[in-house]
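These are the residues of each chain, in order.
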Amino acid sequence: MATLRSLNPTTAELLGEYEIADAKTVEEAVAEARIAAEWWSGLAAGARRDRLLTWKRAIAAGSDELATLIHEETGKPVGDALLEVMLAVEHLNWAAHNAGTVLRRRRVRSGTLAADQAAALEYRPLGVIGVIGPWNYPVYTPLGSVSYALAAGNAVVFKPSEHTPGVGVWLARAWATAVPEHPVLQVVVGDGTTGAALVGATPDKIAFTGSAATARLVMAACARSLTPIVVEGGGKDAMIVAADADLEVAARAAAFGGFGNAGQTCAGVERVYVERAVYQDFLQRLADLAGNVKTDAYGPMTTPEQPEIVRAHVTDALAAGGRAVVGGVESIREPYVTPVLLAEVPEESAAVTEETFGPTLVVNPVADLAEAVRLTNASKYGLAASIFTADTKRAAALARQIRTGAVSINSVLGFAGVPSLPFGGVGDSGFGRIHGADGLREFSRAQAVTWRRFAPLIDLMRLDRDPVALDRARKLFRFRHAR
């Protein structure tokens, strides 16, 4: 059987070798998951909660080991890896504790025409969820689907990125120890062919995180079997800085949002629009910060392809008339890229329109906040955005005008640490939601249930309908709705 080699992106050191799951292996995993799903969904919500919390405690207890493994496979600093684990555990804890309440059976009103019927809404598990995870946040991002799918009563077959197989295997082993009864969570290791095999095995839903281009291919494959899919397809997130903003706070947030994790954050900051009155002041503050950031603060590019994408975008921006305030093409020294700060870059440049996924920031001036919103919304992506202003009431109004799934005011990525909030985008950033109550319902199916309470006073649901009954119903209908 073919093997997958996991390499340290900084040193090229071999970290481990894993058997690549072929189509037969994946099909067997999905078949086992179907059996496990019957047992798992049959448990009371409290029993599932207790087992999820046992897994949570295992992850928390092993967080140092897991963070070290994330560091080795992605190159990100151990501290950043530990923060990722902490955020993932917070979401797992929320899903475990809240699934029973969010998805519980509830009575709903029947209305006048169906007064003889009692009605209830239930949320039932889908069955088996196939999760295809990314490499940039190999714990936090996929567990946003895995945790909520499990909490909703589903079994999960998880394919981690080919760049971070060890992280996926670690999580599965922790689950098997915590919940040994049935293989409710399984991991299949491999490259794109393994992901294709997982889609081809027709689970009951696919949760995919990756590029919009790959998402389209996965969606096309899902369409053949009408398998539903939730997609998180990346972003080109913008920050808006108003003239009354605390510029020091905004500059530090831009540096963190743009350079953190080497810029390899789907909801990180890639574009900054600043009102012209404070543009130069903000740009200088950000330049001072960027000029002092060392690559050991955020690590290398995780994949060998990323530096070339960064180089292409920086080159294009400069050729189009943008200027390099900090760094430039010379900042790219594989596998590292030092901070690149670009200014006055034409809006049609790739550095503005395409996801760069590197430690680069484009900062452009705008005449007013209306222009900032217009340019923010001009992107084909719509994952998240941030607004910096002293007027939070105005910021809330601006947030409603922005075409994204999330908005942070006077911070970046504020929503990431709030488990009760849904996360997802629009446009090329995907569709569907993970996290929060919406995330639990994403991996459930709504089921409507009615039962007859008494014989109806006006019975219209019969072939030998009484004309007198119909006339009474018509009068009642007009009385209620035509006035």
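Every chain is numbered independently, its residues counted from 1 as its sequence is written. Side-chain atom pairs in this predicted model are given and counted only at pLDDT of 80 or more, local residue features only at pLDDT of at least 70, and totals for whole chains, interfaces and linings cover all residues. Excluded from the side-chain calculation are hydrogens and water; included are all heavy atoms of the structure.

Enquirer: Sorry, what's going on with the nonpolar core here?
Expert: The tendency in soluble globular proteins is for nonpolar side chains to be buried as a group. Trp55, Ile59 and Leu171 are the most contacted members of the largest nonpolar core, which has 84 residues in total. In terms of nonpolar packing, the next biggest core, distinct from the first, is built from 57 residues, Ala245, Val310, Leu361 and Ile387 among them. Residues belong to one nonpolar core when they are buried, are Ala, Val, Leu, Ile, Met, Phe, Trp, Tyr or Cys, and are joined through side-chain atoms within 4.5 Å. Categorising residues by exposure relies on relative accessible area from a 1.4 Å probe, with only protein chains included: less than 20% of the type maximum marks a residue as buried, more than 50% marks it as exposed, and the intermediate range marks it as partly exposed.

Enquirer: Explanation requested: the sheet that holds strand E4 (residues 117-125) in the structure shown.
Expert: Backbone hydrogen bonds hold the strands of a sheet together, and the pairing may be parallel or antiparallel. A sheet is described by the order of its strands in space; here three strands give the open sequence E3-E4-E22, paired in antiparallel fashion. One side of each edge strand has no neighbouring strand; the edge strands of this open sheet are strand E3 (106-108) and strand E22 (444-452). Looking at each pair of strands side by side, their axes are set apart by 30° on average, direction ignored. Of the strand pairs in this sheet, E3 and E4 are connected by three bridges, and their pairing is antiparallel. Within E4, the residue paired with Val108 across the bridge is Ala119. For two strands to count as paired, DSSP must find a minimum of two bridges between them. Numbering goes from the N terminus for both helices and strands, where a helix is a DSSP run of H or I of at least four residues and a strand is a run of E of at least two. Simply put, an axis is a line fit to the C-alpha atoms, just over the touching stretch for a helix, and the angle between two N-to-C directions goes from 0 to 180 degrees.

Enquirer: Got a minute to help me understand the packing of aromatic side chains in this structure?
Expert: In this description, a pair of aromatic rings is defined by centroid distance and the angle of the planes. Each Phe, Tyr or Trp ring, with Trp reduced to its six-membered ring, pairs with another whose centre is within 6.5 Å; inter-plane angles below 30 degrees give stacked pairs, above 60 give edge-to-face pairs, and intermediate values give tilted ones. Scanning the model with the defined rule gives six aromatic pairs in all. With a centroid separation of 6.3 Å and 35° between ring planes, the pair formed by Trp94 and Tyr148 is classed as tilted. Placement of the pair is Trp94 in helix H4 (residues 78-102) and Tyr148 in helix H5 (residues 140-151), with a sequence separation of 54 residues. With respect to burial, Trp94 and Tyr148 carry one shared label: buried. By way of ring pairs, the aromatic residues Trp39, Trp40, Trp55 and Trp175 are connected into one cluster. Taking the ring centre of Tyr137 as reference, the NZ or CZ of Lys76 above it sits at 4.0 Å. Sitting above the plane of the Phe443 ring, Lys205 keeps its charged end 6.0 Å from the centroid. The criterion for a charge sitting over a ring is simple: Lys NZ or Arg CZ within 6 Å of the ring centre, and within 35 degrees of the ring normal.

Enquirer: Looking at this structure, how should I read the environment of Glu334?
Expert: Its place among the elements puts Glu334 in the loop between strand E13 (332-333) and strand E14 (336-337). Classification of Glu334 by relative accessible area gives partly exposed; the value is 48%. Remark: the alpha-carbon pair of Glu334 and Asp288, spanning 46 residues in sequence, is separated by 24 Å. Contacts of Glu334, omitting those with residues within four sequence positions, involve Pro307 and Arg311. We call two N or O atoms a polar contact when they sit within 3.5 Å, provided that within protein one can donate a hydrogen and the other can accept it, with sequence-adjacent residues counted only if both atoms are side-chain atoms. A polar contact of 3.3 Å, which involves the side chain of Glu334, links it to the side chain of Arg311. Contact between two residues is taken to exist if any of their heavy atoms lie within 4.5 Å; hydrogens are not considered.

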